[in-house]
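# Architecture and fold: a report
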Amino acid sequence: MAARGTIDTRAASIMVVLCMIWGLQQIALKGAAPNIAPAMQIALRSAGAALLVAALMAARGERLTPGLWKPGLLVGLLFGMEYLLVSEGLRHTTAAHVTVFLYTSPIFAAIGLHIRVPAERLRALQWLGIALAFAGIAAAFLARSAPTTAHTSVTGDLLGLLAGAAWGLTTVSVRGSALTAAPATETLLYQLMGATVLLAAQAFFTGQTHIQWTPTAWASLGFQTLVVSFASFLAWFWLLRHYSASRLGVFSFLTPLFGVGFSVWLLNEPLEPAFVVGAAFVLAGIVLVSAGAGKGRAP
């Protein structure tokens, strides 16, 4: 299996933009929840994005690769499970909490890839960077002075953490199977179909099918369908084909920081000192991981 390239300026710039987009994702879901339940939002956005991806594949003359349906089914189920857990987590805790725990995914991905993919083995310095970045997230979000309220719960936080694990396992499944050489559109289509089926079933069986078509609902669905589920995910899988997944994943630690920043701006939430301290630790962790990239890797 060919080794992925180290992170260059282009990859870093794309990842920063993606992290900004993903930082808005949970805010959009939570903000539109009174009009459309998160499960229904994700089911609709996934279905819409799947149609866009299928249309793009048809325009390019691309077809599903024979023999990839088994790994495609696996990543589709994992991706759908990730967002099923996210949607349920948002019902029990804040968007900030879900974002924090969801973006522990690089830890799970790095460990899995370290075990399964020789080219993704990490040095001690990089493991230290990941640990430092995770400690920064803990400081920024878990050391807040505000007490636990009816809007936050251990259950919701645990669901967010499990969603992060599912995302990490999705990355490992893609990189450890023939899907790693498949077009990004094909991998994304499998995942969107999995999310559509699982989230639609979840919405139906849990009574979350009511929709009130307000401007907020339309704006949320438009943003999530066109920008999040279509454009940003295509960009992410393109990056996975050309760069080291574990190094890319570390940039995901920026997403909770953007998420809280947007919450302060859009929702007028206070900015706590713990967040500032945590941000410094996260950035330091990214520097350590980037400094060690490409050294001591297995051939």
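The structure under discussion appears in the preceding block.
Treat the numbers as computed from the prediction; the structure is a model and nothing was measured.

### Focus on the overall build of the chain
Looking only at helices and strands, one finds twelve helices and zero strands in the chain. Moving toward the C terminus, one meets the helices and strands of the chain in the order α-α-α-α-α-α-α-α-α-α-α-α. Taking all 299 residues of the chain together, the buried fraction comes to 54%. Counted over contacts in the chain with a minimum sequence separation of 6, partners at least 24 positions apart contribute 90%. A total of about 12700 Å² of accessible surface is found on the chain, and carbon and sulfur atoms cover 71% of it.

### What to know about the pattern of salt bridges
Where charged atoms from two side chains of opposite charge come close, those side chains can pair. For the structure on display, the rule yields two salt bridges. With a shortest N-O distance of 3.5 Å, Arg 60 and Glu 62 are connected by a salt bridge. The exposed category is assigned to Arg 60, whose relative accessible area is 52%. Judged by relative accessible area, which is 25%, Glu 62 ranks as partly exposed.

### Looking at helix H1 (residues 9-31)
For H1, built from 23 residues, the straight-helix expectation of 33 Å at 1.5 Å per residue is met to within 8% by its first-to-last C-alpha distance of 34 Å. All of the buried residues along H1 are Ala 11, Met 15, Leu 18, Cys 19, Ile 21, Trp 22, Gly 23, Gln 25, Gln 26, Ile 27, Ala 28 and Leu 29. Taking the backbone nitrogen of Arg 10 as reference, a side-chain oxygen 3.3 Å away marks Asp 8 as the first, capping residue of H1.

### Comments concerning the side chain of Ser 46
With respect to the secondary-structure elements, Ser 46 resides in helix H2 (residues 38-60). The contact partners of Ser 46, leaving out residues within four places of it in the chain, are Leu 192, Ala 195 and Thr 196.

### Some points on empty space enclosed by the protein
On inspection of all chains with the given rule, the structure shows four cavities of 30 Å³ or more. Looking at the largest cavity, its volume works out to about 130 Å³. Breaking the lining of the largest cavity down by element, the ones donating at least two residues are H1, helix H3 (69-92), helix H7 (154-175) and helix H9 (215-242). Looking at the lining of the largest cavity element by element, the count peaks at four residues for H9. Residue composition of the lining of the largest cavity, by class: nine nonpolar, four polar and one charged.

### Some thoughts on the nonpolar core
Counting residues in each nonpolar core, the largest one holds 60 residues, and the members touching the most others are Met 15, Trp 22, Val 86 and Trp 236. Among the elements that make up this core, the one with the highest residue count is H9 (ten residues).

Conventions we followed
- Residues numbered from 1 in each chain as written.
- Predicted model: local features only at pLDDT ≥ 70, side-chain atom pairs only at ≥ 80, totals over all residues.
- Heavy atoms only, no water.
- Helix = DSSP H or I, 4+ residues; strand = E, 2+ residues; numbered from the N terminus.
- Buried < 20%, exposed > 50% of the residue type's maximum accessible area, 1.4 Å probe, protein only.
- Contact = heavy atoms within 4.5 Å.
- Areas by Shrake-Rupley, 256 points an atom, 1.4 Å probe, with all protein chains shown as cover.
- Salt bridge = Lys/Arg side-chain N within 4 Å of Asp/Glu carboxyl O.
- Expected span 1.5 Å × (residues − 1).
- Polar contact = N/O pair within 3.5 Å; in protein donor to acceptor, adjacent residues only side chain to side chain.
- 1 Å grid on protein atoms, 1.4 Å probe; cavity = no way out; pocket = protein on both sides within 12 Å on 5 of 7 lines; lining within 4 Å.
- Points joined across faces, edges and corners; volume = space filled by probe spheres on them.
- Nonpolar A, V, L, I, M, F, W, Y, C, P; charged D, E, K, R; others polar.
- Core = buried A, V, L, I, M, F, W, Y, C linked by side-chain atoms within 4.5 Å.

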